[in-house]
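# A structural walkthrough
So you can see what is in the structure, the chains are spelled out below.
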Amino acid sequence: IVLVQCPWLTILHPPNIGLAYIAAVLKKTGYKVTVIDLNIELYHQIDSCDKEILQHSDRSLILDLEKDTFNKYSSLMNKSIKNIIDLDPDVVGFSIWETNDLISLYFAKRLKEAKKSLYIIFGGPSCYPLYSSKEYIQDESVNMVIYGEAEKTILKALDSLRTFNKLMPLQGTIVKEDNVICDSDVGDRPENL
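Presented here is an overview of the structure given in this document.

So, how was this worked out
- Residues numbered from 1 in each chain as written.
- Predicted model: local features only at pLDDT ≥ 70, side-chain atom pairs only at ≥ 80, totals over all residues.
- Heavy atoms only, no water.
- Helix = DSSP H or I, 4+ residues; strand = E, 2+ residues; numbered from the N terminus.
- Polar contact = N/O pair within 3.5 Å; in protein donor to acceptor, adjacent residues only side chain to side chain.
- Contact = heavy atoms within 4.5 Å.
- Core = buried A, V, L, I, M, F, W, Y, C linked by side-chain atoms within 4.5 Å.
- Buried < 20%, exposed > 50% of the residue type's maximum accessible area, 1.4 Å probe, protein only.
- Pairing = 2+ DSSP bridges.
- Axes fitted to C-alpha atoms, helices over the stretch in contact; angles between N-to-C directions.
- Salt bridge = Lys/Arg side-chain N within 4 Å of Asp/Glu carboxyl O.

### Regarding the side chain of serine 95
- Tracing the chain through its elements places serine 95 in strand S3 (residues 91-95).
- Among the polar contacts made by the side chain of serine 95, one reaches the side chain of glutamine 5 at a distance of 3.4 Å.
- The residues touching serine 95, leaving out its near neighbours within four places in the chain, are Val4, Gln5, Asn16, Leu19, Asn100, Ser104 and Gly123.

### Notes on the nonpolar core
- Trp8, Val92, Phe94, Phe107 and Phe122 are the most contacted members of the largest nonpolar core, which totals 36 residues.
- With residues near it in sequence (within four places) discarded, phenylalanine 107 still touches Cys6, Leu38, Met77, Ser80, Ile81, Ile84 and Phe94.
- Counting residues in hydrophobic clusters, the runner-up holds 21 residues, among them Leu19, Val91, Ile146 and Val175.

### A closer look at the sheet that holds strand S6 (residues 173-177)
- Pairing is mixed across the open sheet formed by seven strands, whose spatial order is S2-S1-S3-S4-S5-S6-S7. Every other strand in the sheet has two partners, leaving strand S2 (34-37) and strand S7 (180-183) as the edge strands with one partner each. Taken pair by pair, the neighbouring strands of this sheet meet at an average axis angle of 20°, ignoring direction.
- As paired strands, S3 and strand S4 (residues 119-123) are joined by five bridges and run parallel to one another. Bridged to valine 91 within S4 is tyrosine 119.
- Across the sheet, helix H1 (residues 17-28) touches strand S1 (2-5), S2 and S3, and the angle it forms with S1 is around 175°.

### Things to note about the pattern of salt bridges
- For the structure on display, the rule yields eight salt bridges.
- The closest approach of N and O atoms between aspartate 47 and lysine 72, which form a salt bridge, is 3.0 Å. One end of the pair, aspartate 47, is in the loop between helix H2 (38-43) and helix H3 (48-53); the other, lysine 72, is in helix H4 (residues 59-72), and 25 residues separate them in sequence.
- Accessibility expressed as a relative area gives 44% for lysine 72, which makes it partly exposed.
- One continuous salt-bridge network, built from bridges that share partners, spans Asp47, Asp50 and Lys72.

Below, the structure written as structure tokens:
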């Protein structure tokens, strides 16, 4: 399993603890997991003008940078995609934010083209039903969208994949099978923190 944080999040944003939680839960239950933070990896390789943009909290600037990334940094993105493909994962999970969803969809499409049997799961803040989850699941490369707290849901999803050889509808998920979309409503809430 590969968990990916695509660019661009402002560097004022703290590192993504969500992927760390998911990785810990998966490792604890015996899954081999690789976490790739492309947001920080690519930040160190971009030009100083774009680094300046990522030091601001102006979301519109970052959204513009996301759109420009495809042309400006295509070689860096292609190298990152190849690195993920070389890991030969069965499942790739993406942490989705408003400012990285286009790049995440691009990565998902490219990964799926390289390995048709790959399962792509989206989760994160922008996957909540009030935002864009229904749009993401309509993309042909995305197999499941998890919304809400995913630590328990991801294990159930992977169990369904192992047992039934497909991602089954589960509370807190939206899945697609034969172009039929099934939203299973909000999943488990975390215990009293």
